[in-house]
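If you want the building blocks of each chain, they are given just below.
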Amino acid sequence: MKKRGKARHRNKKKEENIWNVPNTLTLLRVLITFITIYFIFAGYDLVVIVILFAIGMLTDFFDGQIARRFNQTTEFGRKFDVVADRFLMAGVAIAFILSYSLSGLLTQFHIMQIIMIMSRELIALPVAIILLTSGKGIPKVKWVGKITTALQGFTFPAIMLSISYPLFSFSIYMALVTSICGIASGLTFINDAIRKYSK
């Protein structure tokens, strides 16, 4: 019976329809990441870069909502969504630090804030790589992870805009909150990964 159950589970995975609206939005997020990185190095206006990043983050919100509302959730989509999220955040952050540091526009204070909001990625990345290469898969995102992603979506644009607009200097307080939440999210991910890996 167990073997038959496993066989049915495998067939169910094969039958997943990955060509749906949520996964298309996730793919769009990856494309937006490349465009945003290009705009950063090409010296486009900071506001344009922030708007592009915000659109990318919005696709993360809508793909999940659509997937749940219209019953289009897939295991592929869940994994793809996590990878696309990290790619957007980490890719744009690294490109921004490199480009604006070389231009002399980014101070150590700004860099510190960006590192703070990346606390989850810094903590969880090594474990995530181990899980992906081992074929164990990635644990499901918990509520603390979703809150961290939402906070990053608001805090990173504020940090970027604070370079040219002093009005956004409050970003340091947002960075502190995001950092604390990110640490909790990273540790939760590691705990879930240990449980998953030990099975």
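None of these values were measured; they are calculated from a predicted model. (Residues numbered from 1 in each chain as written. Predicted model: local features only at pLDDT ≥ 70, side-chain atom pairs only at ≥ 80, totals over all residues. Heavy atoms only, no water.)

Q: It is not clear to me how the pattern of salt bridges should be interpreted in this structure. Could you clarify?
A: Once the charged atoms of two side chains with opposite charge are near each other, the side chains can pair. Under the defined criterion, the tally for this structure stands at 8 salt bridges. In this structure, the salt-bridge partner of Asp85 is Arg29, at a minimum N-O distance of 3.0 Å. Of this pair, Asp85 sits in helix H4 (residues 75-102) while Arg29 sits in helix H2 (residues 21-42); the two residues are 56 residues apart in sequence, bridging distant segments of the chain. The exposure class of Arg29 is buried, given its relative accessible area of 0%. (Salt bridge = Lys/Arg side-chain N within 4 Å of Asp/Glu carboxyl O. Helix = DSSP H or I, 4+ residues; strand = E, 2+ residues; numbered from the N terminus. Buried < 20%, exposed > 50% of the residue type's maximum accessible area, 1.4 Å probe, protein only.)

Q: Please clarify how empty space enclosed by the protein should be interpreted in this entry.
A: Where empty space is left can be seen by rolling a probe of water-molecule size over the atoms. Tallying each qualifying case throughout the model produces 2 cavities of 30 Å³ or more. Roughly 140 Å³ of internal volume is contained in the largest cavity. Around the largest cavity sit 15 residues that line it, and Arg86, Val141, Lys142, Ser185 and Phe189 are the ones nearest its centre. Breaking the lining of the largest cavity down by element, the ones donating at least two residues are H4, helix H6 (119-134), helix H7 (143-162) and helix H8 (171-197). (1 Å grid on protein atoms, 1.4 Å probe; cavity = no way out; pocket = protein on both sides within 12 Å on 5 of 7 lines; lining within 4 Å. Points joined across faces, edges and corners; volume = space filled by probe spheres on them.)

Q: I tried to follow the nonpolar core on my own but got confused; where do I start?
A: Generally speaking, soluble globular proteins have nonpolar side chains that are buried together. Phe53, Phe96, Tyr100, Phe156 and Met160 are the most contacted members of the largest nonpolar core, which has 29 residues in total. The leading source of residues in this core is H4, at 7 residues. If you look at the next biggest cluster of nonpolar residues, it comprises 7 residues, including Val82, Leu131, Phe189 and Ala193. (Core = buried A, V, L, I, M, F, W, Y, C linked by side-chain atoms within 4.5 Å.)

Q: Where do I start with helix H5 (residues 108-117) in this structure?
A: In an α-helix, one turn spans 3.6 residues; hence positions three or four apart end up facing the same way. For H5, the complete set of buried residues consists of His110, Gln113, Ile114, Met116 and Ile117. Seen from one end, H5 has its buried residues packed into an arc of 160 degrees, which puts them on one side. (Arc of directions from axis to C-beta.)

Q: Mind showing me how you'd approach the side chain of Thr36 here?
A: Following the sequence through the fold, Thr36 ends up in helix H2. Overall, Thr36 belongs to the buried group, its relative accessible area being 0%. A distance of 2.7 Å separates the side chain of Thr36 from the backbone oxygen of Ile32, its partner in a polar contact. (Polar contact = N/O pair within 3.5 Å; in protein donor to acceptor, adjacent residues only side chain to side chain.)

Q: Please explain the layout of surface pockets as it appears in this structure.
A: In this structure, the largest pocket encloses a volume near 1500 Å³. When contributions to the lining of the largest pocket are tallied by element, the ones reaching two or more residues are helix H1 (2-14), H2, helix H3 (46-69), H4, H7 and H8. Looking at which element gives the most residues to the lining of the largest pocket, the answer is H3, with 10 residues. A breakdown of the residues in the lining of the largest pocket according to their chemical character gives 12 nonpolar, 14 polar and 21 charged. (Nonpolar A, V, L, I, M, F, W, Y, C, P; charged D, E, K, R; others polar.)

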